[in-house]
Amino acid sequence: MAILGIDLGTTNSLIGAVDSGFPILLANAEGHRSIPSAIHFPESGDPIVGAAALRQRALSPERVVTSVKRLMGKRLSEVEQEHYPYPLVADDEGFVRIALGDGGSLSPEEVSALILKELKATAEAAMGTPMDQAVITVPAYFNDAQRQATKRAGALAGLTVDRIVNEPTAAALAFGLHKSKDHARIAVYDLGGGTFDISILEIREGVFQVLSTNGDTYLGGDDIDHAIAEHLWTTYQPNQSSLAEQDATLQIKFREEAEAAKKALSEATEHLVRMPFIKKDKHFEHALTRETVDRLARPIVDRTKALCLRALHDAKLDLDQLDEVLLVGGSTRMPLVRQFVTDLFQQEANTSQHPDETVAMGAVIQGGILSGSLRNLVLLDVTPLSLGIESFGGLMNVIIPRNTTIPAKAGEMFTNAMPDQSSMLVRVLQGEREMARDNWELGQVEVPFEAGPKGSARIGVQFQIDENGILEVLTRDTKTNKDTVLEIKHAAVDVDDKRVEAMISESVDHAFDDMSERVFTEAKLKSEELLPAVDQALALIGDQLDYGERHAILDATAAVKQAVASNDANQLKQANTTLDDATQQLAALLMQKALADANAGT
Ligand code: ADP
Ligand code: MG
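Residues numbered from 1 in each chain as written. Chains lettered and ligands numbered in written order. Predicted model: local features only at pLDDT ≥ 70, side-chain atom pairs only at ≥ 80, totals over all residues. Heavy atoms only, no water.

Engineer: Tell me what's going on with the overall build of the protein chain, and back it up with residues and numbers.
Structural biologist: Counting secondary structure elements, the protein chain contains 14 helices and 26 strands. Rg of the C-alpha trace for the protein chain: 32 Å, well past the compact-globule value of 25 Å for 602 residues, more than 25% over. Expressed as a percentage of the 602 residues in the protein chain, the buried residues total 48%. Put simply, 62% of the contacts in the protein chain that link residues at least 6 apart link residues at least 24 apart. Summed over its atoms, the accessible surface of the protein chain is roughly 28500 Å², and 49% of this surface lies on carbon and sulfur atoms. Within the protein chain, one finds 57 positive and 89 negative side-chain charges whose respective centroids are separated by 3 Å. (Helix = DSSP H or I, 4+ residues; strand = E, 2+ residues; numbered from the N terminus. Rg over C-alpha atoms; globule rule 2.2 N^0.38 Å. Buried < 20%, exposed > 50% of the residue type's maximum accessible area, 1.4 Å probe, protein only. Contact = heavy atoms within 4.5 Å. Areas by Shrake-Rupley, 256 points an atom, 1.4 Å probe, with all protein chains shown as cover. Lys, Arg positive; Asp, Glu negative; His and termini not counted. Charge placed at Lys NZ, Arg CZ, Asp CG, Glu CD.)

Engineer: Describe helix 12 (residues 547-566), and please don't skip the residues or the numbers.
Structural biologist: Given a rise of 1.5 Å per residue, 20 residues ought to cover 28 Å, and the 29 Å separating the end C-alpha atoms of helix 12 matches this to within 8%. Buried within helix 12 are the following residues: Ile553, Ala556, Thr557, Val560 and Ala563. Down the axis of helix 12, the buried side of the element spans an arc of 125°, and every buried residue falls inside it. For helix 12, the exposed residues lying more than 90 degrees away from the buried face are Tyr547, Gln562 and Ala565. A positive backbone phi angle near 70° is found at Asn567, which sits one or two residues after helix 12. (Expected span 1.5 Å × (residues − 1). Arc of directions from axis to C-beta.)

Engineer: Would you mind going over the nonpolar core in detail, with residue names and values included?
Structural biologist: Within the largest apolar cluster, 46 residues are counted, with the highest numbers of intra-cluster contacts made by Tyr189, Ile198, Phe254, Val341 and Phe345. In terms of nonpolar packing, the next biggest core, distinct from the first, is built from 40 residues, Ile6, Val49, Leu106 and Ile115 among them. (Core = buried A, V, L, I, M, F, W, Y, C linked by side-chain atoms within 4.5 Å.)

Engineer: Describe unusual backbone geometry, naming the residues involved and giving the relevant values.
Structural biologist: In this model, Gln346 sits at a positive phi of 55°, which is unusual for a non-glycine residue. Along the chain, the position of Gln346 falls in the loop between helix 8 (335-345) and helix 9 (358-371). Unlike most non-glycine residues, Asp420 shows phi in positive territory, near 65°. As for its position among the elements, Asp420 is in the loop between strand 21 (408-414) and strand 22 (423-430). Among the residues examined, Asp420 registers a relative accessible area of 61% and is labelled exposed.

Engineer: Can you tell me about the packing of helix 4 (residues 167-174) against helix 9, naming the residues and giving the values?
Structural biologist: At a closest axis distance of 7 Å, the pairing of helix 4 and helix 9 adopts a crossing angle of 80°. As far as their axial angle goes, helix 9 and helix 4 are roughly perpendicular. Contacts between helix 4 and helix 9 involve Glu167, Ala170, Ala171, Leu173 and Ala174 from the first element and Thr358, Val359, Met361, Gly362, Ala363, Ile365 and Gln366 from the second. (Axes fitted to C-alpha atoms, helices over the stretch in contact; angles between N-to-C directions. Parallel < 35°, antiparallel > 145°, perpendicular 65-115°, else oblique.)

Engineer: I'd like a description of the site of ligand 1, backed by residues and values.
Structural biologist: Around ligand 1, the surrounding shell holds 17 residues, and the nearest of these are Thr11, Asn12, Glu259, Lys262 and Ser266. At 2.8 Å from an oxygen atom of ligand 1 is found a side-chain nitrogen or oxygen belonging to Asn12. When the free accessible area of ligand 1 is taken as 580 Å², the share hidden by the protein chains comes to 90%. Ranked by the residues each element gives to the shell around ligand 1, the list is headed by helix 6 (residues 248-264), at three residues. For the shell around ligand 1, the residue count by class is one nonpolar, eleven polar and five charged. Split by domain, the shell around ligand 1 shows at least three residues from each of two domains, domain 1 (1-167) and domain 2 (221-296). (Near = heavy atom within 4 Å. Polar contact = N/O pair within 3.5 Å; in protein donor to acceptor, adjacent residues only side chain to side chain. Nonpolar A, V, L, I, M, F, W, Y, C, P; charged D, E, K, R; others polar. Domains from an automatic or database assignment.)

Engineer: Describe the domain arrangement of the protein chain, naming the residues involved and giving the relevant values.
Structural biologist: For the protein chain, the domain assignment lists domain 1 (1-167), domain 2 (221-296), domain 3 (387-501) and domain 4 (512-601). Of note, the centres of domain 1 and domain 2, computed from C-alpha atoms alone, are 29 Å apart. With four residues of domain 1 at the interface, the matching set in domain 2 holds four residues. Between domain 1 and domain 2, a total of about 430 Å² is buried, with carbon and sulfur atoms accounting for 55% of that surface. (Buried area = accessible area lost by both parts, 1.4 Å probe.)

Engineer: Residue-level account of the sheet that holds strand 9 (residues 96-99), with values.
Structural biologist: Ordered in space as 8-9-10, the three strands form an open sheet in which the pairing is antiparallel. Looking at which strands have only one partner, the edges of the open sheet turn out to be strand 8 (88-90) and strand 10 (105-106). Strand direction decides the pairing type here: strand 9 and strand 10, joined by two bridges, are antiparallel. Looking across to strand 10, one finds that Ile98 is bridged to Leu106. (Pairing = 2+ DSSP bridges.)

Here it is in structure tokens:
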């Protein structure tokens, strides 16, 4: 099943999928691969998403919601309301909601879900099939509440979100950097419409780690548009107060012209701005040069400098330790920005990908890896094979399943199978087979504990894989709180692709045999527990049973012994059940005796 890749952006959103082995972005009916993240809520009728919504902004700005991503997972108290032309309210817990004209309101995730639904419909139309699984990107600095809100938005749009991926990681994937086997440190400079993000990543043997992030959630191409719009306005009306003090419709008209001119000037060096009928019969024409736009944009772009330097400092890196600088986000199409980044980082920035499509492309690639449709790529920030320990009877007890995103942490409680046991051997295993012996051993550790009756020890085993793929196996005797730690470097996540494929195909080939062996082993463990317990009980109070019952139990016991010898899982399960049923009365008598003894004792 194909998995969609989605860049749910502050300004623009894109969707794609792997088609016939190639990651591609999908265009909507108008032929656009990117739609504005804008939703128009008309006075009556269904909400409208995308370019059509943005066109309504000049007429009814308060009914067009943009930049909703900034509100995801936020409380009203954390938001600067003056940045939003539409009214915001708080829910009972203080989280932001967007107020609609009719007295109703929507949560940011409900609004985002409308964008996701639109994208999903685009993808389904383009691919000609229903699709309901997705990878969605978020900024690296998004906290858990913001990531959860993004997942909920997906669910509301009818999507199962298989993975939330950091935008810079997705960008690095699109640039193909996961393929370089060695160690690389990269900066991802992402200047979008409303936000600026700088992330420093380290890629080590295909494992991505975010070393640091910095940015400004109110810095981007929009600010450049404002500056250009203000310039156009004062050129047109030199004696009037600023554009910001004019009515909303006029402001939006000028900003749209400004943005169009800015984009044109990323290619051309001069652009003629033509605004007929600004007001009734007023016209405006002005030749705008790239030089002017650069002069206006420069102070805005300059603001990214300190943020970049801080991110480098936090990552404890010097400029010359960066192997690559990636340009991401529509605003990095400006030659000014490209030059600025090259000067700042003292190296040519990598512009080999479309900057406004890389994040979406990375999401598509990640989706392709997850669904298995991009087979030659194995991204090692997931566990390629299951990790676990050997448990009673030689079974594989999985603690971290295959394909778990790292970092990851999971644990389980174990006990002693034998009375008077004073230690337990923890064998750390990797693989997909049901029996421990068929999987690979990564290491082992002997865990000592106080001897006692069977089942008296309480040994917690915890697996923790950090961002670098290092597996730490922590075992704790919960009675004494004594810990034993076993560290396994890389082997847990860094497995040769061929060996991963071989292990998986073996597990598929042996699935049936393995499963019946597991069922048999589990049943045998049960028999081994039942048989001595029945013997003991019979010796103790067997004389209180009538002849028929006693015989039934002995027959059932013999049947269990025979089934164990026969190696037949189903026969053994059946025999265990029969023995269980036959000993109901015996168990009841045993319980009565235990109660009577207890009362006599007091
Ligand atoms: P986001 O990640 O915030 O959703 P994008 O990466 O799509 O945003 O970037 C959108 C911004 O990029 C807008 O401000 C837009 O004006 C700007 N942009 C897009 N194309 C160009 C271009 N050719 N030249 C300059 N700026 C551009
Ligand atoms: Mg973006």
